[in-house]
Amino acid sequence: MLLFTNAQAGTHDAETLDRVAALLRDAGQEVTVCPCVAPGDLDEALDRDRKAVVVAAGGDGSINRLVGTLHRRGELDRTVGLLPMGTGNDLARNLGIPLDPEEAARLLLDGGRRELDMIVDEDGRATLNAVHVGIGAAAAESATRFKSSLKAAAFPLGAVLAGVRHSGWRLRVEADGELVAEGRFLMAAITNASGIAGGSAQLAADAHPGDGRLELVVSTATGPFARVAYALRLRDGSHRYRDDVLHTKACEVTISGQEFRVNSDGEVSGPYTSRTWTLRPSAWRLIAPA
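Draft legend 1. Quick look at the overall build of the protein. Looking only at helices and strands, the protein has nine helices and 16 strands in total. In the protein, buried positions account for 52% of the 290 residues. Relative to all contacts within the protein whose residues are 6 or more apart in sequence, the contacts with residues 24 or more apart total 70%. Accessible surface, the protein as shown: approximately 12700 Å² in total, 48% of it carbon and sulfur.

Okay, here's the thing in structure tokens:
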């Protein structure tokens, strides 16, 4: 196994990773810990061993970078593992992977290989959980400065701050080539995942990262009271019953309009005026509970 970790992680994470590596070695696994700092570190480690199971020790950004790199290299046939050591750990939560790293390590030894879907944009960037345009991207930016101190609690705080500052974006949303919404939106999201933001929001209760479909959620709740009501109902997933929410399924989604930023698995990019995302069914394999 190759365990990829952030070389700049704190002492606590390093100690946890040492315990996990020892547990795996005691079980007979050959384990190499690969601290990564520079962009090429991940590729160099993958080049050295093209057969090992590759494991991301970190959060949603870490597993996204690992799988995205395998996608770029044409190596998605490799088996991937996850040791949740991040802030939100949305992928782990949605798949039932234990949030305790040592329990997750035991799953690496006896868990099954599950084929999972991927969302890919026109530049080849991969998303494993969810893509947000509008308030979701603004909330991620606002939460960034609180992550180190508040951990998962940074996400709802970021959402509150973003909700106060932003009242919507003028956008056009197409699903599978058909116009489904146009106007001023609070949020447009494409997701494989039911829960987001560290489990604090249930974006699409029926979504699953291996069911071969994307869930598209669009909200026009741009008024001050509507934004608060939408945010409250997002917590339990009942927002989809609001009159100002569109919830549908698609295999390809295009969002265009005024400049917007994109939150892909917690990483914010942009601004853009148009982006297209396409579903890649059963694109990669992750060790996860049945």
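So, next bit.
Draft legend 2. How the structure looks around the pairing of strand β1 (residues 2–6). Burial runs high along β1: four of the five residues are buried. Bridging between β1 and strand β3 (residues 54–58) involves four bridges; their strand directions are parallel. Note on β3: the bridge partner recorded for threonine 5 is alanine 57. Note: β1 against strand β2 (residues 32–36), five bridges, orientation parallel.

Draft legend 3. Expanded view of helix α2 (residues 41–48). Taken together, the buried positions of α2 are occupied by Leu42, Asp43, Ala45 and Leu46. Within α2, the buried residues cover an arc of 165° as seen down the axis, which keeps them to one side. On its buried face, α2 sits against β1, β2, β3 and α3 (60–73).

Draft legend 4. Region of the structure containing the side chain of histidine 132. Within the secondary structure, histidine 132 is located in strand β7 (residues 130–134). Given a relative accessible area of 7%, histidine 132 falls into the buried group. Residues in contact with histidine 132, not counting those within four places in the same chain, are Ala137, Met187, Ala188, Ala189, Ile196, Leu203, Arg261, Val262 and Asn263.

Draft legend 5. Representation of helix α9 (residues 224–234) within the structure. For α9, the full list of buried residues reads Arg227, Tyr230 and Leu234. Buried residues of α9, seen end-on, are gathered within an arc of 65° and therefore sit on one face of the element. Summarising the geometry of α9, the exposed residues directed more than 90 degrees from the buried face are Pro224, Phe225 and Leu232.

Draft legend 6. Just the packing of aromatic side chains, in detail. Within this structure, the stated rule accounts for one aromatic pair. Aromatic side chains phenylalanine 260 and tyrosine 272 sit 6.4 Å apart centroid to centroid with 55° between the ring planes, which places their arrangement in the tilted category. Here phenylalanine 260 is found in strand β15 (residues 252–264), whereas its partner tyrosine 272 is found in strand β16 (residues 267–288), with 12 residues between them in sequence. Judged by relative accessible area, which is 1%, phenylalanine 260 ranks as buried. The aromatic ring of tyrosine 272 is capped on one face by arginine 275, whose charged end is 4.2 Å from the ring centroid.

Draft legend 7. Spotlight on the environment of proline 98. If you trace the backbone, proline 98 turns up in the loop between α4 (90–95) and α5 (101–110). Measuring from C-alpha to C-alpha, the distance between proline 98 and alanine 288 comes to 9.4 Å, with 190 residues separating the pair along the chain. When near neighbours in sequence (up to four residues on either side) are disregarded, proline 98 contacts Pro84, Glu103, Ala104 and Leu107.

Draft legend 8. Fine view of the environment of valine 53. Counting through the fold element by element, valine 53 comes out in the loop between α2 and β3. Along the primary structure valine 53 and methionine 1 are separated by 52 residues, whereas in three dimensions their C-alpha atoms are 4.8 Å apart. Here valine 53 is in contact with Met1, Leu2, Thr79, Gly81, Arg113 and Ile287, once residues within four sequence places are set aside.

Draft legend 9. How the structure looks around the pattern of salt bridges. Applying the stated rule across the entire model yields 17 salt bridges. Across the salt bridge formed by glutamate 75 and arginine 50, the nearest N and O atoms sit 2.9 Å from each other. Of this pair, glutamate 75 sits in the loop between α3 and β4 (79–84) while arginine 50 sits in the loop between α2 and β3, placing them 25 residues apart in sequence. The exposure class assigned to glutamate 75 is buried, which follows from its relative accessible area of 9%. Two residues, glutamate 122 and arginine 275, come together in a salt bridge whose shortest N-O distance is 3.7 Å. You can see glutamate 122 sitting in the loop between β5 (112–121) and β6 (126–127) and its partner arginine 275 sitting in strand β16, a full 153 residues away along the chain. Owing to a relative accessible area of 43%, glutamate 122 belongs among the partly exposed residues under this scheme. What emerges from the salt-bridge pattern is a single network uniting Asp43, Asp47, Arg50, Arg72, Arg73, Glu75 and Arg78.

Draft legend 10. Looking closely at unusual backbone geometry. For the bond running from glycine 270 to proline 271, omega is 15°, close enough to zero to count as cis. Positionally, proline 271 belongs in strand β16. Positive phi, normally seen in glycine, also occurs at aspartate 176, with a value near 50°. Residue placement: aspartate 176 occurs in the loop between β8 (169–175) and β9 (178–185). In this structure, serine 282 takes a positive phi of about 45° despite not being glycine.

The rules we used
- Residues numbered from 1 in each chain as written.
- Predicted model: local features only at pLDDT ≥ 70, side-chain atom pairs only at ≥ 80, totals over all residues.
- Heavy atoms only, no water.
- Helix = DSSP H or I, 4+ residues; strand = E, 2+ residues; numbered from the N terminus.
- Buried < 20%, exposed > 50% of the residue type's maximum accessible area, 1.4 Å probe, protein only.
- Contact = heavy atoms within 4.5 Å.
- Areas by Shrake-Rupley, 256 points an atom, 1.4 Å probe, with all protein chains shown as cover.
- Pairing = 2+ DSSP bridges.
- Arc of directions from axis to C-beta.
- Phe/Tyr/Trp six-rings, centres within 6.5 Å; stacked < 30°, edge-to-face > 60°.
- Lys NZ or Arg CZ within 6 Å of the ring centre and 35° of its normal.
- Salt bridge = Lys/Arg side-chain N within 4 Å of Asp/Glu carboxyl O.

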